[in-house]
Amino acid sequence: MKPARILAIETSCDETAAAVVENGRLMLSSVVASQMDVHARYGGVYPEVASRQHVLSITPVIRQALAQAHVTLEEIDAVAVTCGPGLPGSLVVGLNAAKGLALGAGRPLVAVNHLEGHIYAAWVYEAGEIPPAEPQFPLLALLISGGHTELNLMTDHLTYRRLGATLDDAAGEAFDKVGRLLGLPYPGGPSIQKAAEEGDPQRFKFPRARLEGTWNFSFSGLKTAVLYEVQKFQKVDRPLPAADLAASFQAAVVDVLVEKTLKAAHTFGVKEILVAGGVSANRALRQAFRSQSDFPVHIPRLSLCTDNAAMIGAAGYFRFVRGQIADLSIDVQPTWTLS
Ligand code: KG4
Ligand code: ZN
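Residues numbered from 1 in each chain as written. Chains lettered and ligands numbered in written order. Predicted model: local features only at pLDDT ≥ 70, side-chain atom pairs only at ≥ 80, totals over all residues. Heavy atoms only, no water.

### Re the overall build of the protein
Helix and strand counts for the protein come out as ten helices and eleven strands. In terms of overall size, the protein behaves like a compact globule, its C-alpha atoms giving a radius of gyration of 20 Å where 339 residues would be expected to give roughly 20 Å. Referenced to the eigenvectors of the C-alpha coordinate spread, the extents of the protein come out at roughly 65 × 45 × 35 Å. A buried classification covers 57% of the 339 residues belonging to the protein. Taking the intrachain contacts of the protein between residues at least 6 apart in sequence as the baseline, contacts between residues at least 24 apart amount to 74%. When the accessible surface of the protein is summed, it comes to about 14,300 Å², and 53% of that surface belongs to carbon and sulfur atoms. Between the mean site of the 30 positive side-chain charges and the mean site of the 33 negative ones, the protein shows a separation of 3 Å. (Helix = DSSP H or I, 4+ residues; strand = E, 2+ residues; numbered from the N terminus. Rg over C-alpha atoms; globule rule 2.2 N^0.38 Å. Buried < 20%, exposed > 50% of the residue type's maximum accessible area, 1.4 Å probe, protein only. Contact = heavy atoms within 4.5 Å. Areas by Shrake-Rupley, 256 points an atom, 1.4 Å probe, with all protein chains shown as cover. Lys, Arg positive; Asp, Glu negative; His and termini not counted. Charge placed at Lys NZ, Arg CZ, Asp CG, Glu CD.)

Quick look at the structure:
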């Protein structure tokens, strides 16, 4: 059978991305134009600026994705695009580009949820690589990004039951805010990981919100606990032990995420665990899952943990082969939830 090739576009936040993916798994190209340097000046994503940057980057990024995959638009079977959740002014740039290409090339448009994209990153591999084992259902998916932290039970493709979510900050948001408290560069996740490598994770006993009896998370108390420690040092004019604070904070986040996910996996009798979203790039977290889980754990390759379009191409394929085609009148869905 002829392979199905998806051209995918992602502009939900601050990365302009396009990719070509074959049969939901084989990545023929993946191009990401990061705006990180632009937003670092503001210490976070500036929505108006993000939208303008997407307008500048979208066409060259799509061209590059097609060129790197050595395919023309005529050789594409469908155009998949992130419709939400995300920043409205950012989403609309990708969606309009996708609509134009779908209409111009006479190909179907597939609307993809950004969070399911993160999950489907675990299906993707590159040419020349031995394909990693395909995740098996029922599957417990821990989704940890800058805007979301939730546990989803997947009984089949594209079938999500949200068991719980964060009651306050997302895991990535907590990393970013604590990074700022410690005076580390934006984004906080990678900066904290780096600082933590030199630090003692036992030095500060930060709280672990377990929220027993629910599958929810909470990180605001932990963030406040770090703030109080920082203030203690500032009051007496002593230098911040940033590495120890970062390591102790990271250990608290990792403990809660791993513990709760493993407990849910046992409770719901899943076959496997999948961890995805920007925070799944965290080395300590990856190691903790690999060493503590008695279930097979799928975590996307590092380059596909943070925002990219290959993951949208993978999820888009599974929608496309199920006939889930979007109408060209579809609008952005900034608050689209998985379930
Ligand atoms: O999935 P993502 O790229 O964008 C959203 O959909 O939000 O996630 C971005 C988040 C940021 O909060 C960033 O600090 C965090 O992922 N992140 C990390 C690491 N790399 C990125 N957090 C912890 N450790 C990392 N290595
Ligand atoms: Zn994301």
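### Considering the site of ligand 1
Around ligand 1 sit 19 residues, and of these H118, G146, D176, Q193 and G278 come closest. Separating an oxygen atom of ligand 1 from a side-chain N or O atom of H118 is a distance of 2.9 Å. For ligand 1, an oxygen atom lies 3.1 Å from a polar atom in the backbone of G172. Protein chains bury 88% of the 550 Å² of accessible surface belonging to ligand 1 in isolation. Looking at the shell around ligand 1, the elements with two or more residues in it are α4 (114-120), α5 (171-181) and α6 (188-196). For the shell around ligand 1, the per-class residue count stands at five nonpolar, twelve polar and two charged. Summarising the domain contributions, the shell around ligand 1 has at least three residues from each of domain 1 (5-124 + 304-320) and domain 2 (139-299). (Near = heavy atom within 4 Å. Polar contact = N/O pair within 3.5 Å; in protein donor to acceptor, adjacent residues only side chain to side chain. Nonpolar A, V, L, I, M, F, W, Y, C, P; charged D, E, K, R; others polar. Domains from an automatic or database assignment.)

### Remarks on the coordination of the zinc ion (ligand 2)
Those donors, H114 (NE2), H118 (NE2) and D307 (OD), are the protein atoms that reach the zinc ion (ligand 2), and they lie 2.0 to 2.1 Å from it. The motif formed by the donor residues of the zinc ion (ligand 2), counted along the single chain, is H-x3-H-x188-D. Of this pair, H118 sits in helix α4 while D307 sits in the loop between β11 (297-298) and α10 (310-320), placing them 189 residues apart in sequence. For the pair formed by H118 and D307, the shared burial category is buried. (Donors = N, O, S within 2.8 Å, 3.2 Å for Na, K, Ca; no water.)

### Concerning the domain arrangement of the protein
When cut into domains, the protein gives domain 1 (5-124 + 304-320) and domain 2 (139-299). With centres defined by C-alpha atoms, the gap from domain 1 to domain 2 works out at 27 Å. Between domain 1 and domain 2, a total of about 1,600 Å² is buried, with carbon and sulfur atoms accounting for 75% of that surface. Taken as a group, L115, I119 and C305 account for 34% of the area that domain 1 buries against domain 2, more than any other trio of residues on that side. Where domain 1 packs against domain 2, one counts zero salt bridges. Those elements giving two or more residues to the side of domain 1 that touches domain 2 turn out to be α1 (36-40), α4 and α10. Per-element accounting of the side of domain 1 that touches domain 2 gives the leading share, five residues, to α4. (Buried area = accessible area lost by both parts, 1.4 Å probe. Salt bridge = Lys/Arg side-chain N within 4 Å of Asp/Glu carboxyl O.)

### Overview of the state of the cysteines
Tallied over the full model, the rule gives zero disulfides. Left unpaired, C13 is separated from the closest cysteine sulfur, that of C83, by 16 Å. Looking at C13, the relative accessible area reads 23%, which means it is partly exposed. (Disulfide = S-S within 2.5 Å.)

### Details of the sheet that holds strand β10 (residues 272-276)
Within a sheet, adjacent strands bond to each other through the backbone by hydrogen bonds, running parallel or antiparallel. With respect to topology, five strands assemble into an open sheet ordered β9-β8-β7-β10-β11, the strand pairing being mixed. Looking at strand neighbours, the two that pair on one side only are β9 (159-165) and β11, the edges of this open sheet. Alignment of strand β7 (residues 139-144) against β10, held across five bridges, turns out to be parallel. Across the sheet, residue L143 finds its bridge partner in β10, namely A276. Along the sheet, helix α9 (residues 283-292) contacts β7, β10 and β11; its crossing angle with β10, the most-contacted strand, is approximately 180°. (Pairing = 2+ DSSP bridges. Axes fitted to C-alpha atoms, helices over the stretch in contact; angles between N-to-C directions.)

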